[in-house]
Amino acid sequence: APPLPSLFGIPLKYVSLVTLAVQNSMLTLVMNYSRVLIPSSRTYNAATAVLMNEILKGSISLFIAFCRVEQSSGSPLQPRVFMNKLRKLSRDVFSSDCWKLSIPAVLYVFQNNLQYVAASNLPAATFQVSYQMKILTTALFSVVMLRKKLTSLQWVSLMALAIGVGIVQIQSGVSSHQNHSQTMDAAKGFLAVVAACFTSGLAGVYFEMVLKNSQVDLWVRNVQLSLFSLLPAVLHIIATDSTSAHFGSSGWLSSLFDNFGLWAWMTVFVQVLGGLVTAMVIKYSDNILKGFATSLSIVISFLASVALFDFRMTWPFIIGSIVVLNATWLYNHHPQRTRIVTGRDLRS
Ligand code: C5P
């Protein structure tokens, strides 16, 4: 078998899973800080952030895809070799099946915008735990679209997950002690999370299906995804901003970046990292292991929330989180596989 792709000797599968766990908790905290804890008079345009995310992610993917195009001879800086590689790459990107990426692209733009609504209306840790429901939607779509078979234990753990998330929700009623809660609307935030979970499951499984059913390079697929994201991301900016007084004028373009300071850019960068790592996790593992990595991030961002944001630990939050973590563990626990490994393999 070909050696597994690795970084400093560690398989990319594990590197990407751990990076995703850390990225997920960073994103929750940075996004919450940039949306909730900075006074609302200085709020930046979330739709602009989503567009910047797509442009940056697309450019990085384009660069990596370009470097991965095989070249026959010479340095890539030679004009002839450079143009040859560029021609090959554009043939790959604009291949006849590139339209397939338009579906996850639209879904992800929708999801990335919903995330800002959720993060603006829910305390960081509550958002993080409720967002775990995407494990449920991902499982549903994996069963329907990828014909994945789930054991009864896995179905039970999915139910437990939903219950755990429900228990944590009791927390949002109590969260009115939080600073800035007057601008937060927990019901709106929760609806946004539920919708984002559906788009996450559908888009993730769809992307996995397209990726694993063809030989096309991951980074070419990412470029296609970003290209198809540009139009909906721009349309969303226009839709949310068309009521502003100077819409369409040159001042309007620069106003899209009003208050777009360090924290807005930090949020964008962490999202870019997340997009790239998510794609790698889907490639080297699958969407279900991705859920496991993100549930690890609950613990990380939960502890950080207590330390940084004065987040109050309530019993519903603690019990709900424990149920969610156990459910995730149970879901990823395969008794048969464990038996094979601990039995014959270890003795031999
Ligand atoms: O929550 P979830 O894991 O579904 O989030 C996926 C995130 O990763 C989205 O922000 C999406 O835009 C991004 N992504 C990406 N490229 C991929 C797959 C996902 O940028 N190939």
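Source: prediction; values computed, not measured.

### Some details on a nonpolar patch on the surface
- Among the surface-exposed residues, Leu231, Val234, Leu235, Ile238 and Phe247 lie close enough to one another that they form a single nonpolar patch of about 430 Å² accessible area.
- Given the relative accessible area of 58%, Leu231 is considered exposed.

### Re the site of the ligand
- In the vicinity of the ligand lie 14 residues, with Lys57, Asn112, Lys134, Ser200 and Lys290 positioned nearest.
- Between an oxygen atom of the ligand and a side-chain N or O atom of Lys57, the distance comes to 2.5 Å.
- Between the ligand and Lys134, the relevant distance is 2.5 Å, taken from an oxygen atom to a side-chain nitrogen or oxygen of the residue.
- About the coverage of the ligand: the protein hides 93% of its 470 Å² of free accessible area.

### With respect to the UniProt feature "transmembrane region" (unreviewed entry) in the protein chain
- The UniProt feature table records "transmembrane region" (unreviewed entry) at residues 155-174, 186-207, 219-240, 260-282, 289-309 and 315-332.
- Secondary structure content for residues 260-282 is 91% helix and 0% strand, and the end C-alpha separation is 31 Å.

### Some thoughts on the packing of aromatic side chains
- Taken as a whole and judged by the stated rule, the model has nine aromatic pairs.
- For the ring pair Tyr44 and Tyr116, a centre distance of 6.3 Å and an interplane angle of 90° mean the geometry is edge-to-face. In this pair, Tyr44 sits in the loop between α1 (12-37) and α2 (46-68) while Tyr116 sits in helix α4 (residues 102-121), placing the two residues 72 residues apart along the sequence.
- Judged by centre distance (5.2 Å) and plane angle (25°), the rings of Phe127 and Tyr131 are stacked.
- Judged by relative accessible area, which is 4%, Phe127 ranks as buried.
- Pairwise contacts between aromatic rings join Tyr44, Tyr116, Phe257, Phe260, Trp265 and Phe269 into one cluster.
- Here the basic side chain of Lys85 rests over the ring of Phe66, its NZ or CZ set 5.0 Å away from the ring centre.
- Stacked on the ring of Tyr131, the Lys or Arg Lys134 has its end atom at 3.8 Å from the ring centre.

### Some details on unusual backbone geometry
- Here Phe8, not a glycine, exhibits a phi torsion of approximately 50°, which is positive.
- Mapped onto the fold, Phe8 is located in the loop between β1 (6-7) and β2 (10-11).
- For Asn259, which is not glycine, the phi dihedral falls at a positive 60°.
- Relative to the helices and strands, Asn259 resides in the loop between α10 (250-255) and α11 (262-284).

### Remarks on the pattern of salt bridges
- Evaluated as defined, the whole model comprises seven salt bridges.
- With a closest N to O distance of 2.7 Å, Arg68 and Asp217 form a salt bridge. One end of the pair, Arg68, is in helix α2; the other, Asp217, is in the loop between α8 (186-212) and α9 (218-241), with 149 residues separating them in the sequence.
- Look at the salt bridges and you will find they share partners, linking Lys148, Glu208, Lys212 and Asp286 into a network.

### A few points about the packing of α2 against α4
- Where α2 meets α4, the axes come as close as 9 Å, and the angle between the chain directions of the two elements is 135°. The angle between α2 and α4 places the two elements in the oblique class. As α2 runs across α4, the sense of the crossing is right-handed. Residues Ala46, Ala47, Ala49, Val50, Asn53 and Glu54 of α2 form the contact with α4, whose own contacting residues are Val109, Asn112, Asn113 and Tyr116.

### Quick word on the side chain of Thr199
- Take Thr199: it is sitting in helix α8.
- Residue class for Thr199 comes out buried when judged on its relative accessible area of 7%.
- Among residues more than four places away in sequence, those in contact with Thr199 are Leu107, Phe110, Gln111 and Gly204.

What counts as what
Residues numbered from 1 in each chain as written. Predicted model: local features only at pLDDT ≥ 70, side-chain atom pairs only at ≥ 80, totals over all residues. Heavy atoms only, no water. Patch = residues over 30% accessible without salt bridge, like charges linked within 9 Å, V, L, I, M, F, W, Y side chains within 5 Å. Areas by Shrake-Rupley, 256 points an atom, 1.4 Å probe, with all protein chains shown as cover. Salt bridge = Lys/Arg side-chain N within 4 Å of Asp/Glu carboxyl O. Buried < 20%, exposed > 50% of the residue type's maximum accessible area, 1.4 Å probe, protein only. Near = heavy atom within 4 Å. Polar contact = N/O pair within 3.5 Å; in protein donor to acceptor, adjacent residues only side chain to side chain. UniProt positions renumbered as here; feature names shortened; annotations may be inferred. Helix = DSSP H or I, 4+ residues; strand = E, 2+ residues; numbered from the N terminus. Phe/Tyr/Trp six-rings, centres within 6.5 Å; stacked < 30°, edge-to-face > 60°. Lys NZ or Arg CZ within 6 Å of the ring centre and 35° of its normal. Axes fitted to C-alpha atoms, helices over the stretch in contact; angles between N-to-C directions. Parallel < 35°, antiparallel > 145°, perpendicular 65-115°, else oblique. Left-handed = near helix turned anticlockwise from the far one by under 90°. Contact = heavy atoms within 4.5 Å.

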